[in-house]
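# Chains, contacts and geometry: an overview
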Amino acid sequence: MAAEAGPAPAGPPAQGVPGDHSPGTAQWGSAGRAVLTSPALRVTGKRLLSAVPVLWGVTFLTFVVMNVLPGDTAQELLGANATPAELQTLRLKLHLNEPFWVRYWHWLSGAAQGHLGDSLVSGQPVTSILGQRLPVTFELMIYTFCLSVLIAVPVAAAAAYRPGGLVDRLSMMLSMAGLSIAPYVLALLLVLIFAVNLRVLPAIGFVPLSQSVVGNIKSLTLPALSIGLPLACFYIRLLRADIVEQMQSEDYVVTARAKGVAPWQVLIRHALRNSMFGFLTVLGLNLGTLIGALVIIEPIFSLPGIGQVLLQSISDRDVVVVEAVVLVFALIVVFANLLTDLLYAVLDPRIRYGRPSA
Amino acid sequence: MAAPLPDTLLAPGVAVPAPAGAAARRRRRALAPDILIPAAILALIAGGCFLWPLVYPVPAPVGGSILSAGLPPFSPGHILGTDPVGNDILSRILYGGRVSIEVGLAVTLIGLVIGGVMGSVAAYSGGIVDTVLMRVLDVLIAFPALVLAVAIAEGLGPSELHVIWALSFFSVPAFARIARAGTLRLHGQTFMLAARLSGTKAWRILLRHVTPNVLPQLITFGLLGMGVIIILEGALSFLGLGIPDPAPSWGNMIALGQGTLSAQPVLVLIPSLFLLATVLSLNLLGDALRKRWGVR
């Protein structure tokens, strides 16, 4: 929801590029000194600095939420029959009796040095929990991301080729429907079709990449589709609208047409390339949505990812684990946005050469 | 102030005077199918959920008899059949729909009012207020919103009211961002300057000049957002954190049907269909209004 809304972050507008700039990587690689003093690097540095308070805010908010909520870890661990003395002992052991600020400071100073602490419930180091669970989640995330982009770009380009044509209207209708499906509903429908009826893909379980590459991809296909399809539908609509706008209003399109470039080539090489800037921002912003969906989808397919751990830890009031997972998620979002800005700098000559942009 | 101001300064909403006949055309287009059809479907679903049980009695949504369990659709007395514990599915759909609609409306309204005010006040006053708000919004954007909702729903215990609180946590910042961007766009417009120069108080400028310009954007976003909220309410109920079990909600009906997916797919398909129809209509309506009002 948030991602669909607000204005694009700092960066040049996607439209209004006079003429077609091909991103020659030669200049980027050779001019080492220009890079060091480049405004792109300054932008990156600034964004990196502004990420620090954001990350701090996220961890603080998590701590506040976990503490304000009723219920405590000791009670969750010992159950309803625990005596007050037992509860008190456990609280002392886990430092739960210390004031909020002290505990937060303790956690924060540890985290700043790379010590994320041990789980309050299992006593396992958080880093080893993350080490076990994160690869699965990351793999699913990358797979979902690639799937949504690979579906969205060709469909959007085909739809934008003839606005109002059959392909356009059909893809707009289908994408509106796809956009409206809840990922967990789509997950169940896909299971019903591909696992129960056709029996081509597994409904639950995870095959590690080291065991079988095909099995691994098969076991992740349904989860990735359940999140990736609605996301792709959202991208299709955005990208198509942007390409159509470029094709209708930009001077470079007229120039290319006048030169005698074939219409589909104008679309792919000029309009689509320019639309990619806006698209990149949307991709970065939507990573948060993608991560949120992972948490619900993973348990449906019994994937041993971070989603189940997170839900269980919230229920156990295991602040240490929740903090670590939230921090990882926030880091992904922050760095994805940073990467978007960097890609801008690599792809957009106006930033690469440091010309002032709007 | 004695000199008469040009029209464009007096009427903030209308920058260019509408050509003759445009009003009539607009009135005619109000009944365009792209607005009428989704609006009618929404009215039908909402009317069904809130009025049907009053007009035409349906069996209670809970406490069904095990004797009538697992009936297929179109059974006598149970048009949509019954679930494995013998509750009438139609009745559960109607009562469950009430939850979705109530949560969707409440969360959207809370976001619209609180977020809208926060965003436009911050953008209008600028300075430190704006900076602080933007940083807070940055944090909320980097924060996995669902985690927060789950934590709140889990901590406060499952209930409709708590779901509304949990989801408002991220409808407010989303609306605030839109309102802020919309208000910033008005900066430097002639009518804003005229209002300021004529000594209009800040709250009055916000109410009379900013609100009418930002509202269309907030409403179209609200319709699209309501679809997302209804899906998220379903997600919380699906995870067992929304509406507690015997009481129905579309989300927990889907979750309960998950266990018998291969034997009785109807249990998942029926609530899913209603969920899809509602969200799709909201999206279509929001999209149509956005085109009509020329927002973004």
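What you are looking at is a predicted structure, and each value in this text was computed from that prediction instead of being measured. (Residues numbered from 1 in each chain as written. Chains lettered and ligands numbered in written order. Predicted model: local features only at pLDDT ≥ 70, side-chain atom pairs only at ≥ 80, totals over all residues.)

### Overview of the overall build of chain A
The secondary structure content of chain A amounts to 15 helices and zero strands. In chain A, buried positions account for 39% of the 358 residues. Contacts in chain A between residues at least 24 apart in sequence constitute 74% of all its contacts with a sequence separation of at least 6. (Helix = DSSP H or I, 4+ residues; strand = E, 2+ residues; numbered from the N terminus. Buried ≥ 20, exposed ≤ 12 C-beta atoms within 10 Å, placed from the backbone. Contact = placed C-beta atoms within 7 Å.)

### Some points on the overall build of chain B
Scanning chain B from terminus to terminus reveals 11 helices and zero strands. Secondary structure elements of chain B, listed N to C terminal, follow the sequence α-α-α-α-α-α-α-α-α-α-α. Residues classed as buried in chain B amount to 45% of the 296 residues present. When contacts within chain B are restricted to residue pairs at least 6 apart in sequence, those whose partners lie at least 24 apart make up 70%.

### What to know about the confidence of the model for chain B
Within chain B, residue pLDDT values average 81, and 87% of them lie at 70 or more. Model confidence for the complex: the whole-complex pTM is 0.80, and ipTM, which rates the interface, is 0.80. (pLDDT = per-residue confidence, 0-100.)

### Section: the interface of chain A and chain B
The interface of chain A with chain B comprises 41 residues on the first partner and 45 residues on the second. When contributions to the side of chain A that touches chain B are tallied by element, the ones reaching two or more residues are α3 (39–68), α8 (166–179), α9 (183–197), α12 (263–300), α13 (306–316) and α14 (319–347) of chain A. Ranked by residue count, the leading element in the side of chain A that touches chain B is α3(A), at seven residues. Broken down by class, the residue content of the side of chain A that touches chain B amounts to 34 nonpolar, seven polar and no charged. (Nonpolar A, V, L, I, M, F, W, Y, C, P; charged D, E, K, R; others polar.)

### Some details on the environment of G117(A)
Residues and elements named next belong to chain A. Position of G117 relative to the elements: it lies in the loop between α6 (100–112) and α7 (126–161). Assessed through the 17 C-beta atoms surrounding it within 10 Å, G117 is described here as partly exposed. For the pair G117 and Y235, spaced 118 residues apart in sequence, the C-alpha to C-alpha distance is 39 Å. Contacts of G117, omitting those with residues within four sequence positions, involve W107, G110, V126 and V320.

### Here's the deal with unusual backbone geometry
All names here are of chain A. For S302, which is not glycine, the phi torsion reads 45° and is therefore positive. Assignment of secondary structure puts S302 in the loop between α12 and α13. Since 12 C-beta atoms lie within 10 Å of it, S302 is described here as exposed.

### A few points about the packing of helix α4 (residues 89–125) of chain B against helix α7 (residues 160–186) of chain B
Residues and elements named next belong to chain B. At their nearest, the axes of α4 and α7 sit 5 Å apart, and the two run at 35° to each other. For the crossing formed where α4 meets α7, the hand is right-handed. A per-class count over the contact of α4 with α7 returns 22 nonpolar, nine polar and four charged. (Axes fitted to C-alpha atoms, helices over the stretch in contact; angles between N-to-C directions. Left-handed = near helix turned anticlockwise from the far one by under 90°.)

### Describing the packing of α8(A) against helix α10 (residues 213–249) of chain A
Residue and element names in this part refer to chain A. In the contact formed by α8 and α10, the axes pass within 8 Å of each other and the chain directions differ by 135°. Here α10 runs oblique to α8, going by the angle between their axes. By crossing handedness, the relation of α8 to α10 is classed as left-handed. Taking contact as the criterion, the partners of S171, S175, G178 and L179 in α8 are, on α10, L229, P230, C233, F234, I236 and R237. Across the contact of α8 with α10, the residue classes tally to six nonpolar, three polar and one charged. (Parallel < 35°, antiparallel > 145°, perpendicular 65-115°, else oblique.)

### Things to note about the confidence of the model for chain A
The share of residues in chain A with pLDDT of 70 or more is 85%, and the mean pLDDT across the chain is 80. Across residues 1–31 of chain A the pLDDT falls below 50, and counting only partners more than four positions away or on other chains, this stretch makes 51 contacts in the model.

### A few points about the nonpolar core
Generally speaking, soluble globular proteins have nonpolar side chains that are buried together. Y184(A), A149(B), V150(B) and L167(B) are the most contacted members of the largest nonpolar core, which has 162 residues in total. By residue number, the principal contributor to this core is α12(A), which donates 18 residues. In contact with Y184(A), not counting residues within four places along its chain, are I296(A), I297(A), I300(A), A235(B), F238(B) and I254(B). (Core = buried A, V, L, I, M, F, W, Y, C linked by C-beta atoms within 7 Å.)

### Structural notes on helix α6 (residues 145–156) of chain B
Along its 12 residues, α6(B) runs 17 Å from first to last C-alpha, staying within 8% of the 16 Å computed at 1.5 Å per residue. What α6(B) keeps buried is the set A145(B), L146(B), V147(B), L148(B), A149(B), V150(B), A151(B), I152(B), A153(B), E154(B) and G155(B). (Expected span 1.5 Å × (residues − 1).)

### Quick word on α9(A)
Owing to its 3.6 residues per turn, the α-helix brings residues three or four apart onto one side. Compared with an ideal rise of 1.5 Å per residue, which puts 15 residues at 21 Å, α9(A) spans 20 Å between its outermost C-alpha atoms and is within 8% of the ideal. Within the sequence span of α9(A), burial applies to P183(A), Y184(A), V185(A), L186(A), A187(A), L188(A), L190(A) and V191(A). Looking at the packing, one finds that the buried side of α9(A) touches α10 and α12 of chain A together with α9 (202–238), α10 (250–257) and α11 (266–293) of chain B. Positive backbone phi, at 55°, marks R199(A), one or two positions downstream of α9(A).

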